[in-house]
Amino acid sequence: MKKLLFIFVLVLSIGFASAACTLSSELVYQDPHPTLPGEYVDVVFQVTGVENPECDRVKFELSEKYPFSLDPDLASSADIRGGIYFDVEYAQYWNVPYRIRVDEAALEGESVLEVHYYSDTPEGKKVFFTREFNITVEDSKTDFEISIKDYDSATNTITFEILNIGEHD
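Residues numbered from 1 in each chain as written. Predicted model: local features only at pLDDT ≥ 70, side-chain atom pairs only at ≥ 80, totals over all residues. Heavy atoms only, no water.

Within the protein, the regular secondary structure consists of one helix and 10 strands. Ordered by position from N to C terminus, the α and β elements of the protein give α-β-β-β-β-β-β-β-β-β-β. Relative to its 169 residues, the protein shows a buried fraction of 28%. Considering only residue pairs separated by 6 or more positions, the protein has 63% of its internal contacts joining residues 24 or more positions apart. Accessible surface, the protein: about 11,400 Å² in total, of which carbon and sulfur atoms supply 55%. (Helix = DSSP H or I, 4+ residues; strand = E, 2+ residues; numbered from the N terminus. Buried < 20%, exposed > 50% of the residue type's maximum accessible area, 1.4 Å probe, protein only. Contact = heavy atoms within 4.5 Å. Areas by Shrake-Rupley, 256 points an atom, 1.4 Å probe, with all protein chains shown as cover.)

What follows is the structure, encoded as structure tokens:
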């Protein structure tokens with residue numbers, strides 16, 4: 001009898017543990033890649049686990065830390081009702097897009113973009129998650145030299161020659 005009761009409690013506790021609100025996020029889109037200092041970069045994060053009924057209200061927030069910032073009229077956070085969420089294709093995830101400005105004095109290389117996301121549980125508790133993503137910043141602007149290669153006065157046609165004198169293609 002004790003063995004049967006132990007197995008029942010074990011199965012019940014495993015069922016509760018698997019129903020806990022577990023969220024995960026991935027960076028699924030970045031344009032341009034690499035991004036340029038002083039320009040905007042469009043990113044889309046994909047949050048999974050929002051279909052779980054244990055995730056009552058899900059909130060996603062972008063941390064504005066140097067060299068990344070948002071325009072003043074854009075919100076840094078978004079939220080949805082968890083447990084009942086699905087998109088038109090019945091996917092089990094939530095896409096969160098942002099248009100982020102990269103500081104013009106940003107150093108080249110990998111810069112960390114931090115996001116926070118959390119959920120309220122039906123019991124009134126909060127489950128917090130933090131994730132960091134690397135965004136490559138590279139000043140890929142280059143310089144060109146333009147010269148006249150040929151001019152045909154009979155047809156009034158001019159041909160230019162463009163020479164890349166910069167460090168990048």
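What follows picks up the thread again.
Turning our attention to the sheet that holds strand β5 (residues 77–81). If you trace the four strands from one edge of the open sheet to the other, you get β5-β3-β7-β8, paired in antiparallel fashion. In the strand order of this sheet, the two ends are held by β5 and β8 (126–137), each with one partner. Pairs of neighbouring strands in the sheet enclose a mean axial angle of 20°, with direction left out of account. Where strand β3 (residues 57–62) and β5 come together, five bridges link them in antiparallel fashion. In the sheet register, R57 faces β5, and the bridge partner there is R81. (Pairing = 2+ DSSP bridges. Axes fitted to C-alpha atoms, helices over the stretch in contact; angles between N-to-C directions.)

Within the secondary structure layout, G49 lies in the loop between β2 (40–48) and β3. The sequence separation of G49 and Y93 amounts to 44 residues, and the corresponding C-alpha distance is 6.7 Å. Beyond its immediate stretch of four places on either side in the chain, G49 contacts T22, L23, C55 and Q92.

Turning to unusual backbone geometry, a few remarks are in order. At the junction of D31 and P32, the peptide bond is cis and its omega measures out at 0° in the coordinates. With an omega dihedral of 10°, the bond running from Y66 to P67 counts as a cis peptide bond. Relative to the elements of secondary structure, P67 occurs in the loop between β3 and β4 (68–69). The backbone of N156 shows a phi angle near 60°, a positive value even though the residue is not glycine. Counting through the fold element by element, N156 comes out in the loop between β9 (144–152) and β10 (157–164). The class for N156 is exposed, based on a relative accessible area of 59%.

A word on the confidence of the model for the protein. For the protein, per-residue confidence averages 82 on the pLDDT scale, and residues scoring 70 or more make up 79% of the total. Ranking the helices and strands of the protein by mean pLDDT puts β4 first, with 95, and helix α1 (residues 2–18) last, with 42. Low pLDDT (under 50) marks residues 4–18, which in the prediction has zero contacts with non-local residues, meaning those over four places away or in another chain. (pLDDT = per-residue confidence, 0-100.)

This brings us to the side chain of S76. Along the chain, S76 turns up in the loop between β4 and β5. For S76, a relative accessible area of 19% corresponds to the buried category. Ignoring any residue separated from it by four or fewer positions in sequence, one finds S76 in contact with F60, E61, L62, E64, L70 and Y98.

Time to look at the state of the cysteines. Taken as a whole and assessed by the stated rule, the structure comprises one disulfide. Residue pairing for C21: its cysteine sulfur links by disulfide to C55, the two sulfurs lying 2.0 Å apart. Disulfide C21-C55: torsion about the S-S bond near 110°, hence right-handed. Here the residue C21 occupies a position in the loop between α1 and β1 (24–31), and C55 occupies one in the loop between β2 and β3, the gap between them amounting to 34 residues. (Disulfide = S-S within 2.5 Å.)

Right, let's talk about the nonpolar core for a bit. Residues L23, F45, F60, L62, W94, Y98 and I100 are the most contacted members of the largest nonpolar core, which totals 27 residues. Put simply, the parts of the chain that give this core at least two residues each are β2, β3, β6 (93–102), β7 (109–120) and β8. Here this core takes five residues from β6, the largest share from any one element. (Core = buried A, V, L, I, M, F, W, Y, C linked by side-chain atoms within 4.5 Å.)

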